[in-house]
Each structure stands twice: as C-alpha cells, then as structure tokens.
Protein chains: 2
Amino acid sequence: MTRTFSFTLEATDGAARLGRIETPRGEIRTPAFMPVGTAATVKAMMPESVRATGADILLGNTYHLMLRPGAERIARLGGLHAFMNWERPILTDSGGFQVMSLADLRKMTERGVTFRSHIDGSKHELTPESSMEIQRLLGSDIVMAFDECTTFPAEKEVAASSMALSMRWAERSRDAFGDRPGHALFGIQQGSVYRDLRQESAEALTSLDFPGYAIGGLAVGEGQEAMFDVLDYAPAMLPQDRPRYLMGVGKPDDIVGAVKRGVDMMDCVLPSRSGRTGQAFTRRGAVNIKNARHADDPRPLDEQCTCPACRHYSRAYLHHVFRAGEMISGMLLTWHNLHYFQQIMQGMREAIAAGTFEAWEREFHAARGEGDIDPV
Amino acid sequence: MTRTFSFTLEATDGAARLGRIETPRGEIRTPAFMPVGTAATVKAMMPESVRATGADILLGNTYHLMLRPGAERIARLGGLHAFMNWERPILTDSGGFQVMSLADLRKMTERGVTFRSHIDGSKHELTPESSMEIQRLLGSDIVMAFDECTTFPAEKEVAASSMALSMRWAERSRDAFGDRPGHALFGIQQGSVYRDLRQESAEALTSLDFPGYAIGGLAVGEGQEAMFDVLDYAPAMLPQDRPRYLMGVGKPDDIVGAVKRGVDMMDCVLPSRSGRTGQAFTRRGAVNIKNARHADDPRPLDEQCTCPACRHYSRAYLHHVFRAGEMISGMLLTWHNLHYFQQIMQGMREAIAAGTFEAWEREFHAARGEGDIDPV
C-alpha cells in the first residue's frame, strides 16, 4: 500500500474525468461521491453498510466534532477512523462553513472566527491554524484549508474581498499544515459567480501548489443554472493533474452536470437527510414514500435496484414504517439513496472509461421522465 | 422440511428443559427468547441482524398491526413474513393485553372488547373469533388464544372470574382457529398468584388439547419473587410434552429463573427498548451509556462479547452517539442487547444438554457482582 497521497487521471471524455486517488488508507475512485458522517456517523447507517453501497471515502464535519466529542478526545481514542469504525479515507471540512451557518455570536476578524457552540453555548475560536490542528487531531486524510464561504448573492466588491481573505487564510493553512506524508491539504477556490475572481483565486491557490483543489462558494442558493455557468469555466482554471472537489453538491442531476464539467469529488447530506424524511431517489426521479398511494403498493422503490430496501421490501412496507415512525424507515431509505448515488458514480466512471459519457447522460435524463414517480 | 408443528423435549436438568419446536418455517431451539417486532419491525434492527444474534422466532403484536397497516392489507401483501422480510417463525399475541394497556374507551363484555385506536380514534372490536381471523391474515405460525390478562393485584374472586372468562374465550379461540396444519394455537393459563386457580386453568386448557401453553398474567407488576413463586408450580401443571411460553419476560435474571423453573419460551421488549434509551445489558450487569464517566473510556461494553457494538466500538463512542442523538446509538445498543439475550439462551441450552445448569446459573450470578458496572 502506498505511503503517499497521489492522483492519477486515467481518462477523459469531454470535460468529464476518470481518475484514482491513492492514500495510505485506500483508493478513491473518481468521480467520487462522499457520504457525510457529520458527528462520526453517517446517520442511520452502519459503516460497513456505507462501504457496501460503494463509498470509498466519507466526509466528517470539523465544527461538529470539535464541539462534541472534541478533537483532543478523538485523538486520545485513536483518531476518527478507529473511533467511528471506518478505516478507509476520511475528508474533513475546515469548520468554516458550519461555523457561519450554525454557531451563535460569530465574530470574524483577519485572525479567524470566534463563536459560541450551538450545543452548549461554550466559546471557541477557529483560525487557519486551529482548523489545521483540529483536523490533524481527527486524523483526517484529506484536510480542507480554512476559508470563508462567500454568501450568495454577493456584490463583486464583497466577493473579491472575501476571496482575498480566503486566499490569505489558504496560505496560513498551508504553513500550519506543514509536511504530513500520506495526508493532503486541499485549497479552496472562491470568487462567487465572477469569472475573473475565480481566475484570480485559482492562480493564488495554484502558486501554493496544493495536492488537490476544491471549488467553494457554490450550492449556496444560486440555483443549478448559475452553478453550471460557473462550472463551465472554473474547473479548467485548476491544474489538470490534481483532483477537483465541488463542496456540498448535490441532487442527482447536479452531480451528473458537475462531473460533465470536470469535477472529481462531491459530498452532500441529501441522500441521508432525505432518507430520514421519506424521500427516495430513483432512476426515474424522486419518490415521496409518505404519499398514501404507496400504502398498498407491492412493488419495490425501483425494480432494477439491488439495495436491501429494493430487494426485500415493498413500497407498502416502506410507507408503513415511515408512517409508524420506525427507525428502519430511515435505515432503509438512507441505504437506498446512498446506493443509488454510488450507482450514478459507478455509471459515470464506466461511461467515461468507455468514452460514452454523452450517451450515458442522455439515458440518465430520459429515464427521469418515464415513471410513476411523484413530482420532485 | 416438516409440514407440521411439533415439539420435542430433548433433555431436562432439574426443572429446566431443552427442546426443539419444528415448524414449516424452521426450527425454534428452546429455551427460546423471542425479540419483539411490534409494528412489523424489531425497532432499530434489520431482520438479518436480528437473525444474526441467534433469534429463531419473532413476536408480532396483533393490536398494533390490526390498526396499522391493517391485517387485511398485510394479507394482500403476502402476509407478515414477506411484508417484514422475516421468513422464519413468527408468534403473534392475541391483541388482548395491548388493548387493555393502550387502547382508548375500552368496553369488555362476554363477547369481547370494543375500543378506540390510540392512533386515530377509529372504533374496533376484538373477540376470540376476530383475533383468530386477524392472526390468520397475518400468517402467524404460533397464534395465541384471546384472553384477559388479569391485572395485579387481583382479589381471588376477581382473578377467578377473569380466569373463567379467559377459559371460555380459549375454547372459542380453539373453535375459531380450526385445523391449520403447520400452524399452532397456544392456550394461556391465568389465575394470578392463586395456585388452585392456576391448576383449574391448566386443567381447562389441557382438556382443549393445545399444541402449546402460555403462562399468562405474570410480569405485570408482581415482582420477581412473586413471579418465581408462581413459576415454582405453574409450569408443572402443564403437559410435559408441550412447549411452555412465559409472556412478556424479562430481565436477564428473570429469564434465567424462568428457564430454571421449566419455561421454554419468552419474549420481551426490554433489550430493544433499553437499547434505544442507552441501557446495555452485559454479563456483569447493566451499563448506562449516558453516564459521563464513559466519555473517555476506550474499552468495549464487554470485552468478551462478539456483537458488532463490542467488536468495533468503544464505550466512548457509544456515549458520544447517544448524547448526540444519533440513530446508530439505538442500532448498536439494541444489537448488543439482543445478542446478549441470545447468548444467555445459548448458554442455558448448552448447560441443560450437559446437565450443568446449576453451575452455569451460579456463574451467571457471580459475574454480575464483578465489574465496573453502573448499578441497575
């Protein structure tokens, strides 16, 4: 097994890329979808079940973990991998985005952000340096630079100044991260929807020579069209030979559109969160299992799906356990959704390898009109 | 595979019995502990995981299932086994006990009980005849006679008249059940804590020649000592060649004491309910995982236990996910508890086979004083 972090670009098909990240904890096939394990668990799933869906890597949330149970505690207990029984790669975010969306009494300065915990009101600070230290304590394989996720919409001036701050923080993150063989620090491109700011950000990051780059500041309310507009140019601004990670995306068609435009990695809570609220994603679109018309339906969610929910249970059963508030409802629907998301990734990887991405994408969109599926 | 229902008594050790129930859906090793799958799911567990703990049979609750999703609906969907993806034997209760503890506006007559659903206020009736019909629609392998569970404490007169009603209902249950090869109807002994009433009840039931008998009206608040007092004589009043089922029991030491006194089958929500509220049962006693002293504890719940919670997770992790309200907390603790309960059953079966039940029981009790365990 490799002792270092590396990325190999294996094939391209249009802008879509097939690749492989190697880490001491195992290989990540790209394009990759990373399920979110916020508080050291992918909600409603056993980690071996997450793996069974085809996930090569999980995402952990620095903000949540630093507050509860605490990064030092996790380090004493052997690190996040051992703690949560997931021995494969883990990517952690920097905490920056979650602080701005969840914490109380936030105050941002050049130095970083002070805030109070949304759990118990305790006071904390996150800076590029402390974020690197916390992610080191967690034992994260892919560490994210501490940045400010520019809100949307943002006037160009605001976006420029926010991006410039993130670039200064990226440099401080790199300096604090140091040299940790087998672990990688990713820089994060900002610049909102402004092409020249995205270019400026890409150049600033590239000069710091990160082993991977994220495209930040998207999926924050701008809508799919505006996001795709940025993705039409932003990925190509980043080095071809490094993985590109689009943060917090997305719905199935967001994911497909992002891969088509040159993105290699994504993460989103959508498959697990929707699973707990009764929404299943299928080839044919979304199914709202709460809907009374499923009450007597003997069919599976998707007769072609091989996940446990589809192999062993009817829509009628899934409807019943959802209505009865039974935990198995969230367990089965989350499993199904994660399985389906990984099937999309697998389908895209095969299509890129075969040079048939365009045909695959056409079929993906065509299937979504077909069925007897609830409107999304 | 057998087409009929049969019980074989394979060994005895004192009053403790080792046996085997054969059904068309598989074998039930006795003494058996039946996890409770109230609403067509053992809460927080996948059925294959329940099986992996060693369960041969589940219990389903007629009252809950008739109200939601409805017995006719389950029948249309292929029966309870297919509905909930559990192909092995299922025992259903008669609904009588749950009606009296959960339903609204109950009214009992010689004919049966009318009540309103605690879920939606809809009006229903349960009689010996309708209970048999509902359990037939569910596809239950072991059907329970419709009875009145005498409340505790009960004056002797009240207990006698309640028992007499249950005996009349037992006969109506038998007549309504009819002849269903491969399925068995169990009669239920009542009589509260009165030995002569228990004897009278046993004789009434035995004259109806059931393939199995339950000991009802215990574990209803009388305490372990009073329960064991009854179990010192009640099981022996029932035919040696039929399985004896003690309903709704219990804690680990209740189970051991019951088997010692000649009980073959038990069921209880305790391992699953406790699992969801942070209580783990171990060889050494109960562990309250909420307790702050587990926050940094790298040890498993029980270093000798082979369940997934003990093989892969620290007490610190279990504490963290419980405090964070994560579903995996209930999933892991329920799995552990069900595993532990089945380990107790397996240990007792082996001890009875070897004629060493007394030594096994001594060890069981000795271990419980040992550890670093929270007081129960």
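Rules used in this analysis
- For every chain, the first residue of its written sequence is number 1, and the numbers climb from 1 along that sequence.
- Chain labels run from A onward and ligand labels from 1 onward, assigned in the order the entries are written.
- Only residues with pLDDT of at least 70 are given local features in this predicted model, and only at 80 or more are side-chain atom pairs given and counted; all residues enter the totals for whole chains, interfaces and linings.
- The side-chain values count all of the structure's non-hydrogen atoms but skip hydrogen atoms and water molecules.
- Numbering of helices and strands starts at the N terminus; helices are DSSP runs of H or I of at least 4 residues and strands are runs of E of at least 2.
- Expected span, for any helix, means 1.5 Å times one less than how many residues it has.
- When accessible area is computed with a 1.4 Å probe and restricted to protein chains, residues below 20% of their type maximum are described as buried, those above 50% as exposed, and intermediate ones as partly exposed.
- Contacts are residue-level and defined by heavy atoms, with any inter-residue pair within 4.5 Å sufficient.
- Buried area is calculated as the accessible area (1.4 Å probe) missing from two parts once they are joined, with the contributions of both summed.
- The rule for a salt bridge is simple: a side-chain nitrogen of Lys or Arg has to be within 4 Å of a carboxyl oxygen of Asp or Glu.
- N or O atoms within 3.5 Å of each other form a polar contact, as long as, within protein, one can give a hydrogen and the other can take it, and as long as residues adjacent in sequence are counted only when both atoms are side-chain atoms.
- UniProt positions are given in the numbering used here, feature names are shortened, and annotations may be inferred rather than shown by experiment.
- Here a cavity is any set of points on a 1 Å grid over the protein atoms alone where a 1.4 Å probe fits but cannot get out, and a pocket is any open set with protein on both sides within 12 Å along at least 5 of 7 lines; a residue lines the site when it has an atom within 4 Å of a point.
- Per-residue confidence from the prediction method is given by pLDDT, with values spanning 0 to 100.
- Grid points are joined across faces, edges and corners, and a volume is the space filled by probe spheres set on the points.
- When the copies are overlaid, the least-squares fit takes in C-alpha atoms only where the residue has pLDDT of at least 70 in both copies.
- What makes two strands pair is DSSP finding at least two bridges between them.
- Lines fitted to the C-alpha atoms define the axes, with helices restricted to the stretch that makes contact. Angles between their N-to-C directions range from 0 to 180 degrees.

When you look at helix α14 (residues 327–354) of chain B in this model, what are you seeing that I'm missing?
Note on helix geometry: an α-helix contains 3.6 residues per turn, so any two residues three or four positions apart are oriented the same way. All names here are of chain B. The end-to-end C-alpha separation of α14 is 41 Å, in line with the 40 Å expected for 28 residues at 1.5 Å each. Burial runs high along α14: 23 of the 28 residues are buried. Positive backbone phi, approximately 70°, marks Gly355, located one or two places after α14.

Would you mind showing me how to read the interface of chain B and chain A here?
By a frequent convention, interface size equals the accessible area lost on bringing the separate parts together. In this assembly, 39 residues from chain B lie in contact with 39 residues from chain A. Note on chain B versus chain A: buried area summed over both sides is about 3200 Å², and carbon and sulfur give 62% of it. When residues of chain B are sorted by the area they lose upon contact with chain A, Met46(B), His320(B) and Met327(B) head the list and together hold 19% of the total. Counting the contacts that link chain B with chain A gives six salt bridges. The partner of Lys43(A) in a salt bridge is Glu326(B), and the shortest N-O contact between them spans 2.6 Å. Taken together, the links from chain B to chain A amount to 14 residue pairs in polar contact (both at pLDDT 80 or more). Among the elements of the structure, α1 (47–52), α3 (71–76), α4 (80–84), α12 (308–312), α13 (315–323) and α14 of chain B are those that each provide at least two residues to the side of chain B that touches chain A.

Could you clarify how one ought to interpret the UniProt feature "binding site: substrate" (unreviewed entry) in chain A in this entry?
Residue and element names in this part refer to chain A. Following the UniProt record, one finds the feature "binding site: substrate" (unreviewed entry) at Asp93, Ser94, Gly95, Gly96, Phe97, Asp147, Gln190 and Gly217. The annotated residues named above include Asp93, Ser94, Gly95, Gly96, Phe97, Asp147, Gln190 and Gly217 as those lining the second largest pocket. Looking at the element boundaries, Ser94 is found in the loop between β6 (90–92) and α5 (96–102). Take Ser94: its relative accessible area is 4%, and that puts it in the buried class. Apart from residues no more than four positions distant in its own chain, Ser94 is found in contact with Thr62, Leu126, Ser131, Gln135, Met144, Ala145, Phe146 and Asp147. In this structure the side chain of Ser94 is engaged in a polar contact, spanning 3.2 Å, whose partner is the backbone nitrogen of Gly96. Tracing the chain through its elements places Gln190 in the loop between β11 (184–189) and α8 (195–208).

Got a minute to help me understand the confidence of the model for chain A in this structure?
Low-pLDDT portions of the prediction should not be read for the details of their coordinates. Averaged over every residue, the pLDDT of chain A is 96; residues scoring 70 or more account for 98%. Two numbers describe this predicted complex: its pTM, 0.97, and its ipTM, 0.97.

I'm lost on the layout of surface pockets in this one. Help?
Over the atoms, a rolled probe matching the size of one water molecule traces out where space is still vacant. Residue and element names in this part refer to chain B. Put simply, the largest pocket is a space of about 870 Å³. In terms of lining, the largest pocket is formed by 43 residues, of which the most central are Asn61, Asp93, Phe97, Gln98 and Val269. When contributions to the lining of the largest pocket are tallied by element, the ones reaching two or more residues are α5 (96–102), β14 (265–268) and α11 (270–276). It is α5 that provides the largest number of residues to the lining of the largest pocket, a total of five residues.

Just checking my understanding: could you explain the relation of the copies chain B and chain A for this structure?
One copy of the chain maps onto the other through a rotation about an axis followed by a shift along the same axis. Rotating chain B by 180° and translating it 0.0 Å along the rotation axis places it on chain A, where the RMSD comes to 0.0 Å. The relationship between the two copies is best expressed as a two-fold rotation axis. Among all residues of chain B, the minimum C-alpha distance to the rotation axis is found for Met327(B), at 3.9 Å. Most of the interface of chain B is mirrored in chain A, where 100% of its interface residues again form contacts.

Before we go on, may I ask you to explain empty space enclosed by the protein in this structure?
Using the criterion set out here, one finds three cavities of 30 Å³ or more in the structure. Estimates place the volume of the largest cavity at around 40 Å³.

Please explain the sheet that holds strand β8 (residues 113–116) of chain A as it appears in this structure.
One key point about sheets: their strands pair by backbone hydrogen bonds, in either a parallel or an antiparallel sense. All names here are of chain A. What the three strands build is an open sheet, ordered β7-β8-β9; its pairing is antiparallel. Each edge of the sheet is formed by a strand with only one pairing partner; in this case those strands are β7 (104–108) and β9 (123–126). On average, adjacent strands in this sheet sit at an angle of 15° to one another, irrespective of strand direction. The pairing of β8 with β9 spans four bridges and is antiparallel. In the sheet register, Val113 faces β9, and the bridge partner there is Leu126.

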